[in-house]
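Each chain, written out:
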Amino acid sequence: MTAKRKPLYTVVIYPDWCKGCGICAAFCPKKVLRIDHQGKARVDREDECINCGFCELHCPDFAIVVRPRNGMGSSFPEPIPGTAATPCAPPGAAASPPSEAAQSPEPKKA
Ligand code: SF4
Ligand code: SF4
């Protein structure tokens with residue numbers, strides 16, 4: 001009997017963006033992914049993921065990301081259940097207020 005390995009990587013699917021094309025599952029060399037009965041990609045065997053990145057690279061809708069489980073090496077935000085997260089925007093991008101110069105529409109005098 002072999003003990004089940006602890007997953008080294010987290011495979012995250014953004015269901016709102018997934019259209020169920022199956023490309024990720026077809027490219028995955030370890031058969032980690034499948035398309036479920038709702039027509040969405042699903043993670044079946046996360047412990048087998050080798051972080052090759054094929055799924056993330058080939059998804060036409062940016063609906064899947066893979067990152068190390070220790071939280072290092074990723075700039076993607078945690079997905080919020082029931083919402084479409086915005087992996088395109090860097091974390092904190094919208095949080096910083098505009099600079100003073102940007103707030104003052106007064107033109108400079110020559
Ligand atoms: S490649 Fe992307 S859109 Fe297609 S099934 Fe996989 S996660 Fe969904
Ligand atoms: S990173 Fe590679 S092994 Fe892991 S789920 Fe994606 S395609 Fe499969």
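In this text, all values refer to a predicted model and were calculated from it rather than measured experimentally.

A.B. asks: I keep staring at the pairing of strand 4 (residues 64-68) and nothing clicks. Help me out?
C.D. replies: Within a regular beta strand, the side chains point alternately toward one face of the sheet and then the other, so they alternate between its two faces. Of all five residues making up strand 4, four are buried, and the element is well covered by its neighbours. Direction of pairing for strand 1 (residues 9-13) relative to strand 4: antiparallel, over a ladder of five bridges. Paired with tyrosine 9 across the bridge in strand 4 is proline 68.

A.B. asks: Would you take a moment to explain the site of ligand 1 for this structure?
C.D. replies: Within the structure, ligand 1 sits among 13 residues, and Cys18, Cys21, Gly22, Cys24 and Cys59 are positioned closest to it. For the shell around ligand 1, the per-class residue count stands at nine nonpolar, two polar and two charged.

A.B. asks: Could you clarify how one ought to interpret the site of ligand 2 in this entry?
C.D. replies: Looking at ligand 2, the residues that line it are Cys28, Pro29, Val32, Leu33, Cys49, Ile50, Asn51, Cys52, Gly53, Phe54, Cys55 and Val66. Tallied by class, residues from the shell around ligand 2 come to ten nonpolar, two polar and no charged.

A.B. asks: Looking at this model, I keep getting lost on the nonpolar core. Mind explaining?
C.D. replies: Burial of nonpolar side chains together is a common tendency in soluble globular proteins. Formed by 16 residues in total, the largest nonpolar core has its most connected members in Leu33 and Ile64. For this core, the secondary structure elements donating two or more residues are strand 1, helix 1 (23-27) and strand 4. At three residues, strand 1 tops the list of elements feeding residues into this core. Apart from the residues lying within four places of it in its own chain, the contact partners of leucine 33 are Val11, Ile13, Cys24, Ala25, Cys28, Arg42, Val43, Cys55 and Ile64.

A.B. asks: How do you make sense of unusual backbone geometry when you look at a structure like this?
C.D. replies: Most peptide bonds are trans, and most residues other than glycine sit at a negative phi. Within the chain, lysine 31 stands out as a residue other than glycine whose phi angle is a positive 55°. Structurally, lysine 31 can be placed in the loop between helix 1 and strand 2 (33-35). Overall, lysine 31 belongs to the exposed group, its relative accessible area being 53%. Of note, phenylalanine 62 is a non-glycine position whose phi angle comes to about 50°, a positive value. Following the sequence through the fold, phenylalanine 62 ends up in the loop between helix 2 (54-58) and strand 4.

A.B. asks: In this structure, what is going on with the environment of leucine 33? I would like to understand it.
C.D. replies: Among the secondary structure elements, leucine 33 is positioned in strand 2. On the basis of relative accessible area, leucine 33 is assigned to the buried category, the value being 8%. Sequence spacing of leucine 33 and cysteine 49 is 16 residues, and the spatial spacing of their C-alpha atoms is 9.4 Å.

Calculation criteria
- In every chain, residue numbers begin from 1 and rise along the written sequence.
- Each chain gets a letter, beginning with A, and each ligand a number, beginning with 1, in the order they are written.
- This being a predicted model, a pLDDT of at least 70 is required before a residue's local features are given, and a value of 80 or more before pairs of side-chain atoms are given or counted; all residues contribute to the totals for chains, interfaces and linings.
- With hydrogens and water excluded, all non-hydrogen atoms of the structure serve as input to the side-chain values.
- Exposed residues in this analysis have more than 50% of their type's maximum accessible area, buried residues have under 20%, and partly exposed residues fall in between, with area computed by a 1.4 Å probe over protein chains only.
- Counting from the N terminus, the helices are the DSSP runs of H or I reaching at least four residues and the strands are the DSSP runs of E reaching at least two.
- Each pair of strands is called paired provided DSSP finds at least two bridges between the two strands.
- Nearness of a residue to a molecule or strand requires only that one of the residue's heavy atoms be within 4 Å of it.
- Side-chain classes follow a simple rule in which Ala, Val, Leu, Ile, Met, Phe, Trp, Tyr, Cys and Pro form the nonpolar group, Asp, Glu, Lys and Arg form the charged group, and the remainder, Gly included, forms the polar group.
- The term nonpolar core refers to a set of buried residues drawn from Ala, Val, Leu, Ile, Met, Phe, Trp, Tyr and Cys, joined through side-chain atoms within 4.5 Å.
- We call two residues in contact whenever any of their non-hydrogen atoms come within 4.5 Å of each other.

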